[in-house]
Amino acid sequence: MPTNTSELALTEPGTVGPCHVGSDALQGIKRQQTNPTRWNGQGWTEFAAALRDNGIELRVAKAARGIFATDAGGTAYGLPHGVVIARSAAQVAGLLKAAQQFRVPVTVRGGGLTTEGESVAFGGVLLDMTGMSRVLQVDSDALTVRTEGGIFWHSLAEELRRCGMDYLSAPLNMTASVGGTLGVGGIDVNSPRLGCSADQAISLQVVTPTGDIVECSDTQHAELFQRVILGYGQFGVITEATLKIRRYTPLRMHYFYYDSLRTAVEDMQLLNRNDASDYSGILTIMDCAVNLLVAFDSDEREAAFRANWQRHLRGYGESGFALCMLRRYALRPWKLPEAWFLLQRKRELFPEFRRPEYMRDGLMHDRAVVFSRAVWKFWGSKQMVIPDLATSAEKFVEAVERGNAVCRKYFQHYTLYCVGIKLRPEHRPHYEMSCIPPDAEGWAYGCEFEPMMDERVYSRDYLQSFKNAIYDIGVDLGGSYYRFGGMMKGYIRRVFGDEVVDRHLAMKRATDPAMILNRDVIF
Amino acid sequence: MENYKKSVQTAPKSHSDCSGCGLCMLVCPMWRRNRDLQHSPHGCAKALQHGAAPDDLAEALWNCTLCRACDPVCPEQLDISGMILKLRGQLAHPQTTVLQGRMVAQTKRPASACQEKTALLAGEALRAHPALLKRITALLGESGVLAVAHDDGADISLALEAGLAIPPARLAAMIEPLRRADKVIVADGLLLPYLAQWLPAAQIFSLGETLSSLESIRRNLRSTDLYVIEPRAYHADYVRLVKHYDRLRKECGCDFNLDLQRIAIPATVRSLPQRLGLVASNDEDQTRWVLHGRRITRIVVESLEDRAAFEKVCAISVVHLAELADDL
Ligand SMILES: Cc1cc2nc3c(=O)[nH]c(=O)nc-3n(C[C@H](O)[C@H](O)[C@H](O)COP(=O)(O)OP(=O)(O)OC[C@H]3O[C@@H](n4cnc5c(N)ncnc54)[C@H](O)[C@@H]3O)c2cc1C
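Residues numbered from 1 in each chain as written. Chains lettered and ligands numbered in written order. Predicted model: local features only at pLDDT ≥ 70, side-chain atom pairs only at ≥ 80, totals over all residues. Heavy atoms only, no water.

**Student:** Describe the overall build of chain A, and please don't skip the residues or the numbers.
**Tutor:** Counting secondary structure elements, chain A contains 17 helices and 17 strands. Projected onto the principal axes, the alpha-carbon positions of chain A cover approximately 70 × 60 × 45 Å. By the burial criterion, 65% of the 523 residues in chain A qualify as buried. When the accessible surface of chain A is summed, it comes to about 19,500 Å², and 53% of that surface belongs to carbon and sulfur atoms. (Helix = DSSP H or I, 4+ residues; strand = E, 2+ residues; numbered from the N terminus. Buried < 20%, exposed > 50% of the residue type's maximum accessible area, 1.4 Å probe, protein only. Areas by Shrake-Rupley, 256 points an atom, 1.4 Å probe, with all protein chains shown as cover.)

Given below as structure tokens:
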């Protein structure tokens with residue numbers, strides 16, 4: 001094992017070296033390098049001068065760069081040499097042309113909500129897309145919006161609501177950006193019905209890695225569109241997007257409680273298969289209290305659910321579940337600390353989802369705000385790992401149960417978040433080498449495994465081992481992952497196979513000859 | 001009516017506790033204006049975590065308008081605006097001498113003790129509108145005897161905003177005359193949480209909340225009104241006031257300058273140099289954003305500063321809350 005960095009083999013962009021930090025997978029799969037080597041800065045001065053000549057502001061002060069030292073995960077750290085705030089497609093094009101010429105890596109960042117360092121710059125330029133965050137046009141008749149790519153979903157919602165509109169689906173996280181999300185997926189509790197955020201994009205303005213500004217869609221420059229959507233920022237920078245929108249509706253919420261993951265997952269899949277709800281998802285406190293959330297946009301849909309499907313669900317109401325828990329812990333007094341934790345958690349969590357200012361006449365308003373605030377309040381911390389598994393419907397219960405066993409082994413407290421994603425057959429080309437598993441038909445299912453840090457600080461190796469143990473299950477099951485870039489990219493070849501990866505690598509080399517755009521995220 | 005209580009009672013946290021969720025950025029008017037993370041509490045905290053010094057952030061720190069919108073949205077319950085003021089304290093403000101001079105001068109002019117149980121700190125803006133002030137005192141006087149404090153701490157408010165320490169003698173000169181009051185109503189939202197500390201035995205209310213609690217005003221609010229909450233007091237006492245205004249919405253059906261996080265969108269964005277009149281204010285984009293897409297027939301404001309801002313950008317009629325009351 002090399003003892004200092006000078007002994008590390010230098011790797012060409014596009015290849016991944018052996019990892020001298022992360023432990024091997026439990027299956028004995030050799031780890032590949034997790035953190036990329038810092039870019040050596042060659043040609044930086046000339047590059048900076050070229051940008052200056054072009055009128056592109058490059059910030060090099062420590063304060064400007066320090067802001068971007070890590071992402072939401074807080075385990076990957078790297079400083080860019082300089083920061084550019086995106087202001088227009090032409091400016092981004094100028095930046096990328098110079099970057100190609102001088103072979104300077106450019107890391108694009110939206111909300112920076114990655115957890116594996118995908119939006120962290122290990123040297124080179126950090127391109128902050130939030131500088132391009134204006135809504136350009138809302139068309140309430142055609143139900144579309146044209147927006148700049150760096151806009152946060154929440155800011156988009158703020159504008160849309162002023163004309164009674166809403167986006168279709170977006171991460172339950174207000175500071176995710178449109179561009180960053182279209183590149184990775186975007187799962188909402190309505191994804192079982194509407195698909196992921198990436199499915200909502202009608203057309204994009206993309207700046208290619210060589211600095212061309214191209215409008216693309218399923219009919220115009222379709223190949224570029226297919227690669228940029230769910231493409232992890234490898235094939236271009238999304239500077240504008242036209243998205244589908246809809247009229248805003250508050251939600252009629254129902255919660256069902258289970259003490260079995262399997263039963264809850266089966267019930268959720270039953271609802272999805274039968275289009276019995278507008279929203280569904282599972283949120284758990286470990287595997288002890290499993291909450292299936294079911295919600296509706298209209299009284300009619302809710303009434304149909306009550307008439308046809310509610311009786312098929314095996315979950316309890318709140319009081320029924322309390323009795324069930326009482327029975328369980330009365331028979332297992334040695335598990336009382338766990339019962340106490342559940343009770344505490346319930347006391348903290350439940351009011352957050354029922355805050356009067358978001359509930360009107362029994363309907364929940366602004367679900368993304370309610371959920372996102374709760375996510376950050378109860379699960380957020382400076383260090384976050386959220387490994388996940390994405391599988392076909394058939395394999396999902398096994399994935400969840402095996403992942404749950406891993407969580408139990410590594411952490412005292414954790415949460416699982418499970419949701420379905422309706423697949424669009426015509427979008428198959430978008431799904432290749434993405435979070436959508438290749439064998440999924442109809443729906444893909446995803447489960448996030450989120451440990452609670454409980455004010456403790458874990459070593460990076462411990463967290464990496466945990467993630468590896470979860471991702472090994474994905475290899476076994478032939479699934480995929482939402483977060484397969486950055487520190488987890490060692491799994492890419494295992495899970496997608498050499499043929500697919502090499503084909504994408506060849507496309508990447510063709511569109512990005514100097515391999516400057518989001519280097520080390522995937523390739 | 002319960003009075004102001006500081007909802008954040010936990011051990012003081014600092015920028016190093018920021019987990020980087022960015023929720024504060026979404027509500028920050030300076031971020032909205034600049035679309036630049038450096039001009040946001042999130043950006044400042046992250047920069048400080050990674051080696052920046054307060055001097056490196058001087059521009060952003062001075063530009064902050066102290067609307068306090070970032071405080072209630074922080075899941076870590078950081079006292080973000082308090083942190084900004086502390087950091088300002090480490091910078092030298094060019095107007096420090098002037099602001100200190102004002103406090104010294106005011107200390108030399110002690111105010112007489114307030115003889116009534118309720119005191120109103122009207123603030124400079126209201127004092128400049130004697131007719132409106134008279135109307136407000138009459139309205140508030142109806143529900144009990146009210147005294148308008150002679151010293152409403154306008155100089156202290158500016159000094160706090162500059163991150164300056166308040167000399168004990170100046171503080172005593174302002175606070176001692178208020179000791180007899182068991183209820184203090186304050187127009188300057190910045191002072192609200194400070195008064196709660198300085199006068200622990202008294203109940204402290206914002207002028208906006210007090211007026212909007214009066215039946216004679218509530219009954220004249222219309223469903224086509226846009227009610228503009230003064231952000232500083234609202235965010236300082238958010239947990240309680242969010243419920244107060246939600247009740248008002250249910251009762252009157254009017255629209256509010258609230259965003260989807262139920263945070264008050266400021267109609268003006270004034271940095272300290274702008275408040276001091278050293279730099280021209282430039283609120284129009286922000287004021288227009290408050291109005292954007294809303295179908296309203298009247299704007300009702302709690303603050304006179306907001307009235308002027310709306311009158312500048314639209315032809316919709318703008319009234320102060322106190323003007324809604326039936327004729328006295
Ligand atoms: C607490 C928490 C909760 C989350 N909840 C959800 C959830 O409910 N659903 C869900 O789907 N996800 C969720 N995520 C994941 C996260 O929301 C997604 O990864 C997010 O959509 C990414 O958006 P971003 O703007 O933060 O992208 P970033 O993290 O900034 O970037 C993501 C990737 O895209 C690239 N990129 C960024 N902007 C652009 C652009 N304009 N053009 C091209 N490439 C770009 C970056 O280089 C990076 O590789 C959560 C994450 C956290 C930390």
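**Student:** I'd like to hear about empty space enclosed by the protein, residue by residue, with values.
**Tutor:** Residue and element names in this part refer to chain B. Under the criterion given, the structure shown has twelve cavities of 30 Å³ or more. What lines the second largest cavity is a set of 18 residues, and nearest its centre among them are L26, V27, R32, D259 and W289. Per-class residue counts for the lining of the second largest cavity are eleven nonpolar, three polar and four charged. (1 Å grid on protein atoms, 1.4 Å probe; cavity = no way out; pocket = protein on both sides within 12 Å on 5 of 7 lines; lining within 4 Å. Points joined across faces, edges and corners; volume = space filled by probe spheres on them. Nonpolar A, V, L, I, M, F, W, Y, C, P; charged D, E, K, R; others polar.)

**Student:** Give a detailed account of the nonpolar core, specifying residues and quantitative values.
**Tutor:** If you look at the biggest cluster of nonpolar residues, it comprises 250 residues, and the most contacted ones within it are L204(A), L195(B), L211(B) and Y227(B). Residue contacts for Y227(B): discarding those within four places in its chain leaves G208(B), S212(B), L221(B), Y245(B), L248(B), C254(B), D255(B), F256(B), N257(B), V300(B), E302(B) and L321(B). In this structure, L58(A), V92(A), V104(A) and L127(A) belong to the second largest nonpolar core, which totals 28 residues. (Core = buried A, V, L, I, M, F, W, Y, C linked by side-chain atoms within 4.5 Å. Contact = heavy atoms within 4.5 Å.)

**Student:** Go over the domain arrangement of chain A, please, and point to the residues and values.
**Tutor:** The assigned domain composition of chain A is domain 1 (5-128 + 498-511), domain 2 (131-247) and domain 3 (251-491). Summarising the inter-unit geometry, the C-alpha centres of domain 1 of chain A and domain 3 of chain A are found 32 Å apart. (Domains from an automatic or database assignment.)

**Student:** Residue-level account of helix α13 (residues 393-410) of chain A, with values.
**Tutor:** All names here are of chain A. The end-to-end C-alpha distance of α13 is 26 Å, a good match for the 26 Å that 18 residues give at a rise of 1.5 Å each. Taken as a whole, α13 has its buried residues at F396, V397, A399, V400, G403, N404, V406, C407 and Y410. Here the buried face of α13 lies against α8 (261-273), β15 (388-392), β16 (414-422), β17 (443-451) and α15 (460-477). (Expected span 1.5 Å × (residues − 1).)

**Student:** Describe in detail the domain arrangement of chain B, supporting the description with residues and values.
**Tutor:** All names here are of chain B. Split by domain assignment, chain B resolves into domain 1 (16-88), domain 2 (96-207) and domain 3 (211-324). Relative placement of domain 1 and domain 3: their C-alpha centres are 23 Å apart. Each partner contributes to the interface: domain 1 provides 16 residues, whereas domain 3 provides 19 residues. When the two sides are added together, the surface that domain 1 and domain 3 hide from each other amounts to roughly 1,400 Å², 58% of it contributed by carbon and sulfur. Together, R32, R33 and T65 form the three largest contributors to the area buried by domain 1 at its contact with domain 3, with a combined 32%. Between the two partners, domain 1 and domain 3, sit zero salt bridges. Listing elements by their share of the side of domain 1 that touches domain 3, those giving two or more residues are α1 (23-26), α2 (29-34), α4 (58-63) and α5 (70-73). (Buried area = accessible area lost by both parts, 1.4 Å probe. Salt bridge = Lys/Arg side-chain N within 4 Å of Asp/Glu carboxyl O.)

**Student:** Explain the sheet that holds strand β10 (residues 252-258) of chain A residue by residue, including any values.
**Tutor:** Residues and elements named next belong to chain A. Read from one edge of the open sheet, six strands run β10-β12-β11-β16-β17-β15, paired in antiparallel fashion. Two strands in the sheet have a free side with no partner beyond their single neighbour: β10 and β15. Looking at each pair of strands side by side, their axes are set apart by 20° on average, direction ignored. In this sheet, β17 lies alongside β16 in antiparallel orientation, the contact comprising nine bridges. Among the inter-strand pairings, Y417 is bridged to a residue of β17, identified as E448. (Pairing = 2+ DSSP bridges. Axes fitted to C-alpha atoms, helices over the stretch in contact; angles between N-to-C directions.)

**Student:** Please set out the packing of helix α7 (residues 96-107) of chain B against helix α10 (residues 154-161) of chain B residue by residue, giving values where relevant.
**Tutor:** All names here are of chain B. Two numbers describe how α7 lies on α10: the axes approach to 9 Å, and their chain directions differ by 150°. Looking at the two axes, α7 sits roughly antiparallel to α10. Crossing hand, α7 versus α10: left-handed. On α10, the residues touching L99, R102, M103 and Q106 of α7 are D155, L158 and A159. Its residues assigned to classes, the contact of α7 with α10 shows four nonpolar, one polar and two charged. (Parallel < 35°, antiparallel > 145°, perpendicular 65-115°, else oblique. Left-handed = near helix turned anticlockwise from the far one by under 90°.)

**Student:** How would you sum up the site of the ligand? Please name residues and give values.
**Tutor:** All names here are of chain A. In the vicinity of the ligand, 33 residues are found, and the nearest of them are V108, G110, S177, I187 and Y482. Interatomic distance of 2.7 Å between a backbone N/O atom of G111 and an oxygen atom of the ligand. Between an oxygen atom of the ligand and a side-chain N or O atom of N518, the distance comes to 3.0 Å. For the ligand, whose unbound accessible area comes to 970 Å², protein coverage reaches 98%. Elements that contribute at least two residues to the shell around the ligand include exactly β2 (106-109), α5 (178-184), β9 (237-247) and α12 (367-378). With four residues, α5 is the largest single contributor of residues to the shell around the ligand. (Near = heavy atom within 4 Å. Polar contact = N/O pair within 3.5 Å; in protein donor to acceptor, adjacent residues only side chain to side chain.)

**Student:** Go over the sheet that holds strand β3 (residues 125-128) of chain A, please, and point to the residues and values.
**Tutor:** Residues and elements named next belong to chain A. Strand order in the open sheet made by the three strands is β1-β3-β2, with parallel pairing throughout. Looking along the sheet, the strands with just one partner apiece sit at the ends: β1 (82-85) and β2. Strand-to-strand twist of the sheet, defined as the mean angle between neighbouring strand axes without regard to direction, takes the value 25°. Of the strand pairs in this sheet, β1 and β3 are connected by four bridges, and their pairing is parallel. Bridging from a neighbouring strand, G82 pairs with V125 of β3.

**Student:** Summarise the interface of chain A and chain B; cite the residues concerned and give the values.
**Tutor:** On the side of chain B, 45 residues touch chain A, which itself brings 42 residues to the contact. Approximately 3,700 Å² of surface area, both sides summed, lies buried where chain A meets chain B, with 55% of it carried by carbon and sulfur atoms. Linking chain A with chain B are two salt bridges, by the criterion used here. Of all the elements in the fold, those that place two or more residues in the side of chain A that touches chain B are α2 (62-66), α4 (153-161) and α12 of chain A. Examining the composition of the side of chain A that touches chain B, we find that six residues originate from one element, α4(A), more than from any other.

**Student:** How would you summarise the packing of α7(B) against helix α11 (residues 168-175) of chain B if you had to cite specific residues and measurements?
**Tutor:** Residue and element names in this part refer to chain B. Running from amino to carboxyl end, α7 crosses α11 at an angle of 50°, the nearest separation of the two axes being 9 Å. One way to sum up the angle between α7 and α11 is to call them oblique. Handedness of the crossing formed by α7 with α11: left-handed. Judged by residue contacts, M103, Q106 and T107 of α7 engage A169, R170 and A173 from α11. Residue classes in the contact of α7 with α11 are distributed as three nonpolar, two polar and one charged.

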